[in-house]
Amino acid sequence: MKTRYTYGGDEHVYVEMDEEMSLEAFFKSLSMSNAVREADIPGVTEICPANASFQVRFDPDVTAPLEMLKRIQELEHTADKAEKRLTTRIVEVPVYYQDPWTHETVMRFRERHQDPNGTDLDYAARINGYDSVEAFIEAHHAQPWFVSMVGFVSGLPFLYQLVEREKQIQVPKYLRPRTDTPKQTVGYGGSFSCVYSVRGAGGYQMFGITPMTIYDPKQEVSYLRDFLVFFKPGDIVKWRPIDRAEYDRILSEVEANTWTPRVAEVEFNLEEFNKDMTGYNAKLMEALNDA
Amino acid sequence: MTLKIVKSGLATTIQDMGRPGYFHLGIPEGGAMDRLSMRAANMLVGNPEGAAGLEAVFMGPEIEFTRDASVAVTGAEMPVMVDGEARGTWTAFTVKAGQILSFGFLQSGARIYIAVSGGITTEPDLGSRSTYPIGALGGVDGRAVQPGDELPVGDAPLVAEGRRVPAALRRGPANPAELRVLTGLYWYRLTDTAGQQFFEDTWTVAAEADRMGYRFKGGRPLEFVEREQPFGAGADPSNIVDGCYSYGSIQVPGGTEPIVLHRDAVSGGGYFTLGAIISADMDLIGQLQPNTQVKFVNVDMDTALAARAERKVTIQKIREELG
């Protein structure tokens, strides 16, 4: 990994840990962005951690750009020494794969896709070497995921699969972005899964939909009363496949404000995880049994 | 007092100076695209500079007043009328209870800013009244204004009619417009030739130009330095591992049509960015109409900071003029 520092105009410093995605790069980015927050450098207005990079927005009239870049650079060694562990939570997110709503959208934007003759799931299963869509869906939800970035729009989480690199699912984005995506679509692009927090444009392949509200500007949903955005970087997610009946039931419970997601507090230690990913994941998922 | 919206124009939104602090969650700062014009409109009617007013793009709304108020319209040039009688832009005038404020056809620029003494006092979300429709924040229930809306306005004394911002202190884009760029971010992805081309070519504003971003077309396609794409980035040479976007940053998906992100920017994504428009020129983008010719001008950090200081001086001079 080689850290790169650059400016985004006169109001941003952009720091990239690595060109390629890895949990190591994510952890370093998170540690460094936390160190910048704690350093409380005058003029800093926003700190945005991303998958393998982060960005600091600042007022250059308060701290000059070169000085800001140097101050951030000085924090790199602190981040290098930081333990790659987090106290976080694992969240079970119900997913209705092959649902009628994303299917309708899949068909509506077919001419923008790499393979106009199939569905996004057919295509993703084939290019990732799975014999069937069912086997591919199983691979998507069997192991947990790590929220490595929140953004794009309105609290949308980007999720990175907690498996060996050779097992990771990879798919390209649509050839041309769609102008529409159903709210709460579970999507996929590059090596990231996502949940579209609101309806709108999008370029990720569409696999299914969750009945779980993850963004509520009115803060009426019981588990979003404290804050309008559900996810934060470092959250761990386990997808749970559900059918139409369960989807309808959960959706009506969410609307009646009687549903809450299953959540358990967990430790995530990158070094331990790297030693035995499947075993480590099993323990993470066990925590949900007690939730 | 309220402002009764009779006609809403094309897209008229409540805006102030925005809601910084939530970009890390994908909620942009938002606020007036042309900040200098919004500030000036507020100063003209005696409001705090960050009070909420209306931003109307290409076409003005029609508004009935329920009480006497001071009003100023800045930004784009568009005929202003009160009960059909002409009024000026960049000047304060009174609208009496029962009168209707309306507008003629756009003459130059793209967005007008309407400030009313007392400011619009709709419920703020995350510290701002700025409308962010994608996230349903601010504005009227998170949306643009519609006919029939009654917008609450604060109590404030009227100001003297005829106060004005002198022409020398107004700023709009030239033709062709020049937008200054500080290269950086993923600039190294472009070949030297592509980098030169970007600044040599004349671009035009495409139809897809809104508060989120402005798209440009007409320049030669940009070529990328060959490489094996990094893991997680995606196959296209313009793809990167999804990262944060800077306000004003310029992405060129597929190397063809540059997009400059503006106040309602998406906070991140998977396209390389070649640099960003300097902060002093962000206001100008808000006044660009589709089909306007644009030249991107390569500048260094010192020039960017000097331009920023110059813009501050202009705002200070407007304050002194109207103080």
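Keep in mind the model is a prediction, meaning the values are calculated, not measured. (Residues numbered from 1 in each chain as written. Chains lettered and ligands numbered in written order. Predicted model: local features only at pLDDT ≥ 70, side-chain atom pairs only at ≥ 80, totals over all residues. Heavy atoms only, no water.)

Details of the sheet that holds strand 14 (residues 213-217) of chain B
Residues and elements named next belong to chain B.
Next up, step 1: Ordered by their spatial adjacency, 7 strands build a closed barrel running 12-19-16-17-14-13-20, and the pairing between neighbours is mixed. Sheet twist, expressed as the average angle between the axes of neighbouring strands with direction ignored, equals 40°.
Next up, step 2: Pairing geometry for strand 16 (residues 249-251) and strand 19 (residues 273-277), over 2 bridges, is antiparallel. Bridging across to strand 19, S249 finds its partner in A276.
Next up, step 3: Packing of helix 2 (residues 192-200) onto the sheet brings it into contact with strand 12 (177-183), strand 13 (203-209), strand 16, strand 19 and strand 20 (293-298), and relative to strand 20 it is tilted by some 130°. (Pairing = 2+ DSSP bridges. Helix = DSSP H or I, 4+ residues; strand = E, 2+ residues; numbered from the N terminus. Axes fitted to C-alpha atoms, helices over the stretch in contact; angles between N-to-C directions. Contact = heavy atoms within 4.5 Å.)

Some details on the sheet that holds strand 1 (residues 4-8) of chain A
Residues and elements named next belong to chain A.
Next up, step 1: Read from one edge of the open sheet, 4 strands run 1-2-4-3, paired in antiparallel fashion. Every other strand in the sheet has two partners, leaving strand 1 and strand 3 (44-49) as the edge strands with one partner each. The average undirected angle you get between the axes of adjacent strands in this sheet is 15°.
Next up, step 2: Two elements, strand 1 and strand 2 (residues 12-16), share 5 bridges in a ladder whose sense is antiparallel. Looking across to strand 2, one finds that Y7 is bridged to V13.

So, the nonpolar core
Next up, step 1: In terms of nonpolar packing, the biggest core is built from 149 residues, with I72(A), W239(A), F268(A), F216(B) and F296(B) touching the most fellow members.
Next up, step 2: Here this core gets 8 residues from one element, more than from any other, and that element is helix 1 (residues 23-39) of chain A.
Next up, step 3: If sequence neighbours within four positions are ignored, I72(A) has contacts with Y5(A), V13(A), V15(A), M32(A), V36(A), I41(A), F54(A) and V56(A).
Next up, step 4: Formed by 27 residues, the second largest nonpolar core is a distinct cluster that contains L3(B), I5(B), V71(B) and V82(B). (Core = buried A, V, L, I, M, F, W, Y, C linked by side-chain atoms within 4.5 Å. Buried < 20%, exposed > 50% of the residue type's maximum accessible area, 1.4 Å probe, protein only.)

Some words on the interface of chain A and chain B
Next up, step 1: At the interface, 53 residues of chain A touch 45 residues of chain B.
Next up, step 2: The junction of chain A with chain B conceals about 4100 Å² of combined surface from both sides, 57% of it contributed by carbon and sulfur atoms.
Next up, step 3: The interface formed by chain A and chain B includes 8 salt bridges.
Next up, step 4: The salt bridge involving R308(B) is made with D10(A); its shortest N-O contact spans 3.9 Å.
Next up, step 5: Here chain A and chain B share 27 residue pairs in polar contact (both at pLDDT 80 or more) between them.
Next up, step 6: Those elements that provide at least two residues to the side of chain A that touches chain B are strand 1, strand 2, strand 3, strand 4 (53-58), strand 6 (145-150) and strand 7 (157-161) of chain A.
Next up, step 7: Looking at the side of chain A that touches chain B element by element, the count peaks at 5 residues for strand 3 of chain A.
Next up, step 8: Grouping the amino acids of the side of chain A that touches chain B by side-chain chemistry returns 26 nonpolar, 15 polar and 12 charged. (Buried area = accessible area lost by both parts, 1.4 Å probe. Salt bridge = Lys/Arg side-chain N within 4 Å of Asp/Glu carboxyl O. Polar contact = N/O pair within 3.5 Å; in protein donor to acceptor, adjacent residues only side chain to side chain. Nonpolar A, V, L, I, M, F, W, Y, C, P; charged D, E, K, R; others polar.)

Remarks on the domain arrangement of chain A
All names here are of chain A.
Next up, step 1: Per the domain assignment, the segments making up chain A are domain 1 (4-82) and domain 2 (87-290).
Next up, step 2: A C-alpha centroid distance of 28 Å is found between domain 1 and domain 2.
Next up, step 3: Facing 11 residues of domain 1, the contacting portion of domain 2 comprises 16 residues.
Next up, step 4: Approximately 1100 Å² of surface area, both sides summed, lies buried where domain 1 meets domain 2, with 69% of it carried by carbon and sulfur atoms. (Domains from an automatic or database assignment.)

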